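Observations on the model geometry
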Amino acid sequence: RENSSDPTPHNPMKLTLSLLSLAYAAAGSSCSQFTTLATGEQEIAADTGLPADIESASNTRVDMNFIEANGMIEKMHFRSKSKGIASEVQKVHIHCGIAGQNGALLLEAYSSATGGPLPLQKGRITDGYIYSENLAGAECNGTIINSLSALMEVMKADYTYINIHTADYPSGENRGQIDEHDDFNYLSFAVPREEVDSPSLDRNNYPNSFTRGDFDFDAGLTRIKIGTVSRQIQTATTKIHIHCGPKGVNGRLALGIYTPGPLTPSVKQNGNVRTKGFLTNDDLGAITAGDNQWCKTEVGFPIVNMASLKKAMDMSLVYLNIHTEAHDLGENRGQISEC
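Fair warning: this is a prediction, and the values are worked out from it, not measured in the lab.

1. Considerations on the overall build of the protein
For the protein, the helix and strand inventory stands at five helices and 20 strands. A burial count over the protein gives 47% of its 339 residues as buried. Carbon together with sulfur atoms contributes 48% to the accessible area of the protein, which is approximately 15,800 Å² in total.

Now the structure itself:
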């Protein structure tokens, strides 16, 4: 399965692309993504309605993914990470309001006084799930926001913003309008239980390791920025690959990140294993040269450039695989998708 010189997959897929796509879509979930970079320059003073005087170079990146299952929005994954804030983070909020206008509180994700649904990690990070019952139930743009579906609609209408309240700036130090995410960013959470036919893994006693992979295409689809972070892996990482195949099916090598591939992992002081860098169409060509049908069996079309790789990610038909000394056929696997 893992030998790039052998184009035959270990577990060849027998379904046609049309049947596979229908089956996978029915079993999986979808999401809508929103993001913002909140800064002091966007803050509006409550008393004057004019730009606030924020003497801070801090900022906060916030990513929100609405996760849909069975035709309904089930939950929202919310993550905020602040940089350069000198005092205590007291509140992390979503408010109603267009750019340059303050408005009602829609969600209190964190509060130092009441706690809120998400804890504050390391004094600057929130990360977890938000549910409809966590919303404040306030009105925004003529709608009572008492469900995540209602919140998503006002986000799409550009009527919401993030506000980070601190001890130095109780009314807000970082503010940012919430925008719908672009279509060039993809994510994978790879874990041992997603591996298929990796004999060294004990299904009754999985390792505690996991890997997050971030994949960002440039607008011209000439290269991809890749970042992976593996945690709690106990032995050396030997290979990092992107393979063709839907969930539960092994497939051929689509893109080598490391062995083959130019991005060498680095081990940080905390034991985390990271890779970071760019790959281009030439890196894909090094794998697919001489075989223009590469991955066609698994995804229905050959993956020969960044455009075709992105199309496969849109369909969740490629996966990240982390190979280690202890688990040569794979320790952490996860489908790559817009969520």
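2. Brief notes about the environment of Tyr-110
Here Tyr-110 is to be found in strand 5 (residues 105-111). Beyond its immediate stretch of four places on either side in the chain, Tyr-110 contacts Val-89, Gln-90, Lys-91, Val-92, His-93, Gly-115, Gly-116, Leu-118, Pro-119, Leu-120 and Thr-126.

3. Examining the nonpolar core
With 31 residues, the main nonpolar core has Phe-215, Ile-224, Ile-242, Ile-257, Ile-303, Leu-309 and Met-313 as its most contacted residues. Those elements that place two or more of their residues in this core are strand 12 (185-190), strand 13 (210-217), strand 14 (223-231), strand 15 (237-244), strand 16 (253-258), helix 5 (306-314) and strand 19 (318-324). Here Ile-224 is in contact with Phe-215, Asp-216, Phe-217, Gly-277, Phe-278, Leu-279, Met-306, Leu-309 and Met-313, once residues within four sequence places are set aside. Within the second largest apolar cluster, 30 residues are counted, among which are Val-92, Leu-148, Met-152 and Ile-164.

4. So, helix 5
Structural remark: α-helix, 3.6 residues per turn; residues separated by three or four positions point the same way. Those residues of helix 5 that fall on the buried side of the exposure criterion are Met-306, Ser-308, Leu-309, Lys-310, Ala-312 and Met-313. Once helix 5 ends, the next one or two residues include Ser-316, with phi positive near 55 degrees.

5. Overview of the pairing of strand 5
Among the seven residues that make up strand 5, five are buried, leaving the element largely enclosed by the rest of the structure. As paired elements, strand 4 (residues 89-96) and strand 5 share five bridges and run antiparallel to each other. Residue pairing across strands places Ile-94 opposite Leu-107, the latter belonging to strand 5.

6. Describing the confidence of the model for the protein
Looking at the protein as a whole, its pLDDT mean stands at 85, while 87% of the residues score no less than 70. Note on residues 1-28: pLDDT is under 50 here. Beyond four places in sequence and across chains, it has 51 contacts. Confidence drops under pLDDT 50 across residues 288-292; counting only partners more than four residues distant or on other chains, this segment forms six contacts.

7. Structural notes on the sheet that holds strand 20 (residues 332-335)
Adjacent strands of a sheet form backbone hydrogen bonds with each other and so pair up, either parallel or antiparallel. On the basis of which strands lie adjacent, the open sheet formed by four strands has the order 16-15-19-20 and antiparallel pairing. A single partner strand is all that each edge strand has here, and the edge strands are strand 16 and strand 20. Shown here is a sheet whose adjacent strand axes are inclined to one another by a mean of 20 degrees, direction ignored. Two elements, strand 15 and strand 19, share seven bridges in a ladder whose sense is antiparallel. Across the sheet, residue His-243 finds its bridge partner in strand 19, namely Tyr-319.

8. With respect to the environment of Glu-43
Relative to the helices and strands, Glu-43 is located in the loop between strand 1 (30-39) and strand 2 (59-69). Sequence separation of Glu-43 and Asn-102 is 59 residues, and the distance between their C-alpha atoms is 8.9 Å. Those residues in contact with Glu-43 that lie beyond four places of it in its chain are Leu-50, Pro-51, Ala-52, Ile-54, Asn-163, Ile-164, Ser-171, Gly-172, Glu-173, Asn-174 and Arg-175. A polar side-chain atom of Glu-43 sits 3.3 Å from the main-chain amide nitrogen of Glu-173.

9. Observations regarding the sheet that holds strand 12
The strand order across the open sheet built from five strands is 12-13-14-18-17, with neighbouring strands paired in antiparallel fashion. Two strands in the sheet have a free side with no partner beyond their single neighbour: strand 12 and strand 17 (266-267). Contacts between helix 5 and the sheet are confined to strand 12, strand 13, strand 14 and strand 18 (273-280), with strand 13 contributing the most and set at about 130 degrees to the helix.

Parameters and conventions
Residues numbered from 1 in each chain as written. Predicted model: local features only at pLDDT ≥ 70, side-chain atom pairs only at ≥ 80, totals over all residues. Heavy atoms only, no water. Helix = DSSP H or I, 4+ residues; strand = E, 2+ residues; numbered from the N terminus. Buried < 20%, exposed > 50% of the residue type's maximum accessible area, 1.4 Å probe, protein only. Areas by Shrake-Rupley, 256 points an atom, 1.4 Å probe, with all protein chains shown as cover. Contact = heavy atoms within 4.5 Å. Core = buried A, V, L, I, M, F, W, Y, C linked by side-chain atoms within 4.5 Å. Pairing = 2+ DSSP bridges. pLDDT = per-residue confidence, 0-100. Axes fitted to C-alpha atoms, helices over the stretch in contact; angles between N-to-C directions. Polar contact = N/O pair within 3.5 Å; in protein donor to acceptor, adjacent residues only side chain to side chain.

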